[in-house]
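So you can see what is in the structure, the chains are spelled out below.
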Amino acid sequence: MNVSVKPGKLIKGQTGDWEVVIGMEVHAQVTSKSKLFSGASTEFGGEPNSHVSLVDAAMPGMLPVINEECVKQAVRTGLGLNAKINLRSVFDRKNYFYPDLPQGYQISQYKSPIVGEGEIIVELDGGKTATIGIERLHLEQDAGKSLHDQSPSMSCVDLNRSGVALMEIVSKPDIRDAEQAKAYVTKLRSILRYLGTCDGDMEKGSLRADVNVSVRKPGGPLGTRCEIKNMNSINFIGQAIEYEARRQIEIIEDGGTIDQETRLFDPNKGETRSMRSKEEAHDYRYFPDPDLLPLEFTQSYVDELKKKLPELPDQKKARFIESLGLSPYDAGVLVAERESAVFYETVLDGLADKTRDGKLAANWVINELFGRLNKEGHGITASPVSASQLAAIVGLIGEGTISGKIAKDLFEIVWTEGGDPRELVESRGMKQVTDLGAIEKVVDDIIAANPDKVAQAKAKPQLAGWFVGQVMKSSGGKANPQAVNDLLKAKLGI
Amino acid sequence: MSVDAATVRRIAHLARIAVTEAEVPHLQGELNAMLAFVEQLSEVNVDGVEPMTSVTPMEMKKRQDVVNDGEIPDDIVRNAPETQNHFFLVPKVVE
């Protein structure tokens with residue numbers, strides 16, 4: 001796959017510009033009920049060592065049996081990343097010692113992963129995009145969890161996470177600055193959530209990233225990289241890259257060299273620091289796991305999964321632009337989060353005339369609804385105004401029953417009090433007056449009461465605006481503005 | 001292929017097996033004897049031969065995605081030398 005790397009923001013040093021080269025390994029927890037090789041629950045939390053089978057605790061004689069759903073999820077994800085699916089892959093043992101790894105090895109995939117090369121398109125500021133290559137995706141087991149703060153001399157080990165399926169998604173070193181890195185994780189997370197293969201909950205650790213950072217003179221040979229481990233916030237990833245790149249540039253410009261090492265980001269101090277004493281951790285002595293046969297499936301198995309794949313954000317965005325005439329920016333905002341797209345599409349389903357009101361509905365979802373939700377700190381799923389209520393409001397504007405201005409008042413009522421927008425418009429008399437006779441009477445009254453203004457307006461037609469204001473005011477904002485304008489022009493002779 | 005004394009010590013450390021200095025020469029000899037034995041395999045030409053993973057043609061068995069195991073914390077920690085509220089207790093492993 002031939003990916004053209006997008007140049008990133010260069011960093012100025014004392015010896016000129018520096019380019020940052022970034023590659024990422026994202027660990028995404030596979031959405032499944034049970035673990036990768038056992039029937040224990042994957043549910044988050046739970047009492048210590050409750051969601052653990054004898055397989056997960058690595059009791060002697062236990063054998064792993066693969067969960068077919070995890071295989072499907074990995075294939076679906078590979079398809080969503082436009083990647084090559086390997087019909088034959090192999091599980092290997094990655095050996096290291098740690099108390100929360102009871103087997104003494106992690107079952108992973110080394111030489112033959114289930115998914116090979118792919119690519120995703122990420123959205124950057126100002127409507128630009130970049131294509132980031134995917135190197136591979138493989139299935140592996142999560143480890144348990146160690147708690148160090150429960151006792152002064154002992155660590156507590158909980159194996160509830162032990163054996164939960166993870167997808168490790170490795171990017172090519174195509175990322176060139178912090179913005180691209182953040183956009184990459186954002187897009188990857190969005191794709192996984194659309195596919196339903198990972199819930200993307202970074203706070204619970206369902207999605208975490210290891211970030212490899214090195215610096216070089218633009219176009220020069222690659223520098224030595226440092227790996228920043230276990231990042232679980234997109235903003236921290238950006239901060240860590242900025243800090244780490246500057247740290248490396250300073251060392252090199254002072255005549256030093258970069259040691260290849262693993263570092264941790266400290267969000268409180270905003271800096272990365274070395275994880276000491278891990279120098280042997282890299283000798284993993286991989287070898288094929290003799291407990292597991294190679295994982296094999298047919299192309300028709302892959303084709304079946306491909307047929308049932310949901311519409312992904314890029315496709316959805318293109319459809320919104322093409323069939324509803326949304327701007328690329330609006331379409332991008334609506335598809336970024338799966339829940340937003342679902343909400344918008346439910347609004348569309350509630351519209352009598354999608355072609356007429358689709359764009360108006362997008363404006364209302366993005367400006368009025370998102371604006372209000374952000375202000376109140378609600379997520380879209382906790383919106384007090386439902387999609388069908390919003391569809392009714394948009395429909396009322398589209399068909400000319402209420403004006404945009406009245407619609408904002410109506411939105412406010414629905415937000416705070418709830419209720420059916422159509423009934424509210426009736427019961428509270430919010431309907432736009434399109435009865436020309438009634439409007440004409442108001443126009444006539446105002447013209448009769450203000451002879452001086454009439455004379456002025458005849459000389460200076462732009463003063464007609466004052467009359468429009470008066471008519472709207474005395475009709476409580478319900479007069480159809482176009483009808484008012486037309487009538488005034490005729491009556492004033494301008 | 002043969003291993004030296006330093007490699008023996010390193011392998012022992014990676015496997016977390018305590019090996020005294022006195023045991024190293026003996027283990028080194030044993031490992032080298034085994035390696036020499038295995039080395040004979042390289043006399044066979046295996047160009048273009050797929051590694052054999054099973055003597056009979058077999059497909060990997062797969063499980064349905066159902067929760068049918070676990071919820072046995074008493075059993076899980078039963079053999080542990082030290083526990084607390086169903087946690088395993090181990091000597092502190094953080095720096």
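Owing to the predicted nature of the structure, the values given are computational and were not obtained by experimental measurement.

(A) Spatial organisation of the overall build of chain B. Counting its secondary structure elements, chain B contains three helices and three strands. Along chain B, helices (α) and strands (β) appear in the sequence α-α-β-α-β-β when read from the amino end. Expected size for 95 residues packed as a compact globule is a radius of gyration near 12 Å; at 22 Å, chain B overshoots this value by more than 25%. Overall, the C-alpha framework of chain B stretches about 55 × 45 × 25 Å when taken along its three principal axes. In chain B, buried positions account for 9% of the 95 residues.

(B) Looking closely at the overall build of chain A. A tally of regular secondary structure across chain A gives 15 helices and 17 strands. Its C-alpha radius of gyration of 30 Å places chain A more than 25% over the 23 Å reference for a compact globule of 494 residues. If one aligns the C-alpha atoms of chain A with their principal axes, the spans along those axes are about 95 × 55 × 50 Å. Taking all 494 residues of chain A together, 41% fall into the buried category.

(C) Local environment of the pairing of strand β7 (residues 118-123) of chain A. Residue and element names in this part refer to chain A. Relative to strand β8 (residues 129-141), β7 runs antiparallel, the two sharing six bridges. Paired with E119 across the bridge in β8 is G133. With antiparallel pairing between neighbouring strands as the criterion, β7 and β8 make up a hairpin whose turn holds five residues, including G126 at a positive phi of roughly 70 degrees.

(D) Region of interest: the interface of chain A and chain B. If you look at the interface, chain A gives 38 residues, while chain B gives 33 residues. The set of elements that each furnish at least two residues to the side of chain A that touches chain B consists of β3 (66-67), α1 (68-80), β10 (154-158) and β17 (295-296) of chain A. Ranked by residues supplied to the side of chain A that touches chain B, first place goes to β10 of chain A with five residues. Here the residues of the side of chain A that touches chain B sort into 15 nonpolar, 14 polar and nine charged. With four bridges joining them, β10 of chain A and strand β3 (residues 87-91) of chain B adopt antiparallel strand pairing.

(E) Here's a closer look at helix α14 (residues 464-474) of chain A. Residues and elements named next belong to chain A. Looking at α14, one finds that the buried residues are F467, Q470 and V471. All buried residues of α14 fall inside an arc of 95 degrees around its axis, so they share one side. Seen from the buried face of α14, the exposed residues on the opposite side, beyond 90 degrees, are G465, G469 and K473. Taken together, the buried residues of α14 touch α12 (436-449), α13 (451-459) and α15 (481-492).

(F) Inspection of the packing of helix α6 (residues 328-336) of chain A against helix α8 (residues 354-376) of chain A at higher detail. All names here are of chain A. Their axes nearest at 11 Å, the elements α6 and α8 cross at an angle of 60 degrees. Handedness of the crossing formed by α6 with α8: left-handed. Taken together, the residues of α8 that come into contact with α6 (itself represented by D330, V333 and L334) are A362, V365 and I366. Class assignment for the residues of the contact of α6 with α8 results in five nonpolar, no polar and one charged.

(G) Local environment of the sheet that holds strand β6 (residues 105-108) of chain A. All names here are of chain A. Read from one edge to the other, the open sheet built from three strands follows the order β6-β5-β16, with strand pairing classed as antiparallel. On the outer flanks of this sheet lie β6 and β16 (287-288), each paired with one strand and no other. Where strand β5 (residues 92-95) lies against β16, two bridges are found, and the strand directions are antiparallel. By the bridge assignment for β16, D92 is matched with P288.

(H) Summary view of the nonpolar core. All names here are of chain A. Core analysis: the largest hydrophobic core is formed by 64 residues, its most contacted members being I22, A74, L137, A181, Y184, V211 and I241. Sequence-distant contacts of A74, defined by excluding residues within four places in its chain, comprise I114, V115, L137, L139 and M167. In this structure, A361, A387, I393 and M430 belong to the second largest nonpolar core, which totals 32 residues.

(I) Molecular detail of the domain arrangement of chain A. When cut into domains, chain A gives domain 1 (11-305), domain 2 (311-427) and domain 3 (436-492). Measuring from the centre of the C-alpha atoms in domain 1 of chain A to the corresponding centre in domain 3 of chain A gives 67 Å.

(J) Spotlight on the sheet that holds strand β9 (residues 145-147) of chain A. Spatial ordering of the open sheet is given by β9(A)-β10(A)-β3(B)-β2(B), a layout of four strands whose pairing is antiparallel. The open sheet terminates on both sides in strands that have one partner only, identified here as β9 of chain A together with β2 (83-84) of chain B.

Definitions and limits used
- Residues numbered from 1 in each chain as written.
- Chains lettered and ligands numbered in written order.
- Predicted model: local features only at pLDDT ≥ 70, side-chain atom pairs only at ≥ 80, totals over all residues.
- Helix = DSSP H or I, 4+ residues; strand = E, 2+ residues; numbered from the N terminus.
- Rg over C-alpha atoms; globule rule 2.2 N^0.38 Å.
- Buried ≥ 20, exposed ≤ 12 C-beta atoms within 10 Å, placed from the backbone.
- Pairing = 2+ DSSP bridges.
- Contact = placed C-beta atoms within 7 Å.
- Nonpolar A, V, L, I, M, F, W, Y, C, P; charged D, E, K, R; others polar.
- Arc of directions from axis to C-beta.
- Axes fitted to C-alpha atoms, helices over the stretch in contact; angles between N-to-C directions.
- Left-handed = near helix turned anticlockwise from the far one by under 90°.
- Core = buried A, V, L, I, M, F, W, Y, C linked by C-beta atoms within 7 Å.
- Domains from an automatic or database assignment.

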